[in-house]
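A structural walkthrough
Okay, here's what each chain looks like letter by letter:
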Amino acid sequence: MIQKTLKSYAVIAVGSLLFALAFDWFFAPNQVAIGGITGAAQVINVLIPALPVGILTIVLNIPLFIAGWRLIGFHLLASSLFSMAVSSAAIDLIALVWEFPPMDPMLATLCGGALLGLGLGLVFSQGATTGGTDIVARLLKLEFPWLPMGQLLLVPDGVVLAAAALAFGEVSAALYGAVALFVTARVMDTVLYGLDTCKTAYIISDNWRAIADVLLTEQDRGVTILRGQGAYSGADKQVLMVAFRQRDIVQLRRTVHSLDPQAFMIVCNAHEVLGEGFGDYQKED
């Protein structure tokens, strides 16, 4: 148990350091806005340069931790305090030790967003946050558990970006920040949910039994038979529901088409497919 906890906190520390590095390397020297409480601290730092971003981040986070600790639980509170402390201290320490030169703003936006998403993904994967709007996103996750964390972060971070545009006096700073936010969300969701996105197929065919047999015996696919009815014809239909990985889509389409060229198939994206052959259930912290 202790070894597992230490490993979890080590991953959180690495993610927090990547978060800090992304801010100091790509966002701060290129005046690219960043979302979250760190972004709010960035705005204040622009107005009052004497106030370090890291210390401001800790101060601004205190009310959110007080507001959220009853709902997010002890583990999330403790791990998030640790992550916030590491990332905030690292932001000021890196800025003190090394001054990164400016670069092309779009390059900084893309690379910074990707590195930020990697760091946040590692932190979130251990049931922690870096504080700030991450906590807001976690609280929203309790109410909307079907939405990915990356998408939930877009809501509070958008407000911060608007404030950053006013502080920098340039709309481009917020627009670059919005692009970085999008990249961050995509990379973070990739870290959390994996590159090999799962799919769900709904297959409607008069030859449903042959298709189901091939999927079960030759492709080792689990198949669920849903009872349906044509709204126009009134005829009873058997709908096959199949969960599979992205890499298997070509084989699935070929199988269905070879057995019934007239089959009607709908393929949908699916997140967190749990069960035999896929992932295991992990309770949200």
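Look a little higher up for the structure.
Anyway, here's the lowdown on the structure attached to this text. All figures in this text were calculated on a predicted structure; none of them were measured in a lab.

Attention shifts here to the layout of surface pockets. In this structure, the second largest pocket spans a volume of roughly 390 Å³. Phe 23, Asp 24, Ala 28, Asn 45 and Ala 95 are the residues nearest the centre of the second largest pocket, which is lined by 18 residues in total. For the lining of the second largest pocket, the secondary-structure elements that each account for two or more residues are helix 1 (2-27), helix 2 (36-47) and helix 3 (53-97). With four residues, the single largest contributor to the lining of the second largest pocket is helix 3. Of the residues belonging to the lining of the second largest pocket, the class tally is 12 nonpolar, three polar and three charged.

Assignment of secondary structure puts Thr 184 in helix 7 (residues 171-193). For Thr 184, a relative accessible area of 5% gives the class buried. C-alpha of Thr 184 to C-alpha of Gly 112: the two residues are 72 residues apart in sequence and 8.2 Å apart in space. In this structure Thr 184 touches Gly 113, Leu 116, Gly 117 and Leu 120, once residues within four positions along its chain are discounted.

Now for helix 2. Along an α-helix, residues three or four positions apart point the same way, because every turn accommodates 3.6 residues. Over its 12 residues, helix 2 extends 17 Å from the first C-alpha to the last, a length consistent with the 16 Å expected when each residue adds 1.5 Å. Taken together, the buried positions of helix 2 are occupied by Gly 36, Ile 37, Thr 38, Gly 39, Ala 41, Gln 42 and Val 43.

The description of two aromatic rings rests on the distance between their centres and on the angle between their planes. Taken as a whole and assessed by the stated rule, the structure comprises four aromatic pairs. Ring plane angle 65° and centroid distance 5.1 Å describe the contact between Tyr 9 and Phe 82, whose orientation is recorded as edge-to-face. On the criterion of sequence distance, the pair formed by Tyr 9 in helix 1 and Phe 82 in helix 3 is long-range, its members being 73 residues apart. Judged by relative accessible area, Phe 82 falls into the partly exposed class, the value being 29%. By way of ring pairs, the aromatic residues Trp 25, Phe 26, Trp 98 and Phe 100 are connected into one cluster.

Looking now at the packing of helix 1 against helix 4 (residues 105-125). Two quantities define a packed helix pair, namely the angle between the axes and the distance from one axis to the other. With their axes 7 Å apart at the nearest point, helix 1 and helix 4 run at an angle of 165° to one another. Taken together, helix 1 and helix 4 sit at an angle that is classed as roughly antiparallel. Crossing of helix 1 over helix 4 shows left-handed handedness. In this structure, helix 1 contributes Val 11, Ile 12, Val 14, Gly 15, Ser 16, Leu 18, Phe 19, Leu 21, Ala 22, Phe 26 and Phe 27 to the contact, and helix 4 contributes Ala 108, Cys 111, Gly 112, Gly 113, Leu 115, Leu 116, Leu 118, Gly 119, Leu 120, Leu 122, Val 123 and Ser 125. Grouping the constituent residues of the contact of helix 1 with helix 4 by class yields 17 nonpolar, six polar and no charged.

Let's shift gears to the packing of helix 8 (residues 208-217) against helix 9 (residues 249-259). Between helix 8 and helix 9, the shortest axis-to-axis distance is 9 Å and the interhelical angle comes to 145°. For the element pair helix 8 and helix 9, the recorded crossing hand is right-handed. Judged by residue contacts, Ala 210, Ile 211, Val 214 and Leu 215 of helix 8 engage Leu 252, Thr 255, Val 256 and Leu 259 from helix 9.

The next thing to look at is the environment of Gly 131. Structurally, Gly 131 is set in the loop between helix 4 and helix 5 (133-143). Sequence separation between Gly 131 and Ser 79 is 52 residues; the distance between their C-alpha atoms is 9.8 Å. Those residues in contact with Gly 131 that sit more than four places away from it in its chain are Asn 61 and Phe 65.

Quick look at unusual backbone geometry now. Positioned with a positive phi, Gln 31 is a non-glycine residue whose angle comes to about 50°. With respect to the helices and strands, the residue Gln 31 is situated in the loop between helix 1 and helix 2. Judged by its relative accessible area of 44%, Gln 31 is partly exposed. Phi is positive for Asp 220, which is not a glycine, with a value near 55°. Topologically, Asp 220 is positioned in the loop between helix 8 and strand 2 (223-229). By relative accessible area, which is 65% here, Asp 220 ends up exposed.

The rules behind each value
Residues numbered from 1 in each chain as written. Predicted model: local features only at pLDDT ≥ 70, side-chain atom pairs only at ≥ 80, totals over all residues. Heavy atoms only, no water. 1 Å grid on protein atoms, 1.4 Å probe; cavity = no way out; pocket = protein on both sides within 12 Å on 5 of 7 lines; lining within 4 Å. Points joined across faces, edges and corners; volume = space filled by probe spheres on them. Helix = DSSP H or I, 4+ residues; strand = E, 2+ residues; numbered from the N terminus. Nonpolar A, V, L, I, M, F, W, Y, C, P; charged D, E, K, R; others polar. Buried < 20%, exposed > 50% of the residue type's maximum accessible area, 1.4 Å probe, protein only. Contact = heavy atoms within 4.5 Å. Expected span 1.5 Å × (residues − 1). Phe/Tyr/Trp six-rings, centres within 6.5 Å; stacked < 30°, edge-to-face > 60°. Axes fitted to C-alpha atoms, helices over the stretch in contact; angles between N-to-C directions. Parallel < 35°, antiparallel > 145°, perpendicular 65-115°, else oblique. Left-handed = near helix turned anticlockwise from the far one by under 90°.

Everything listed here is a matter of geometry and, on its own, says nothing about what the molecule does.
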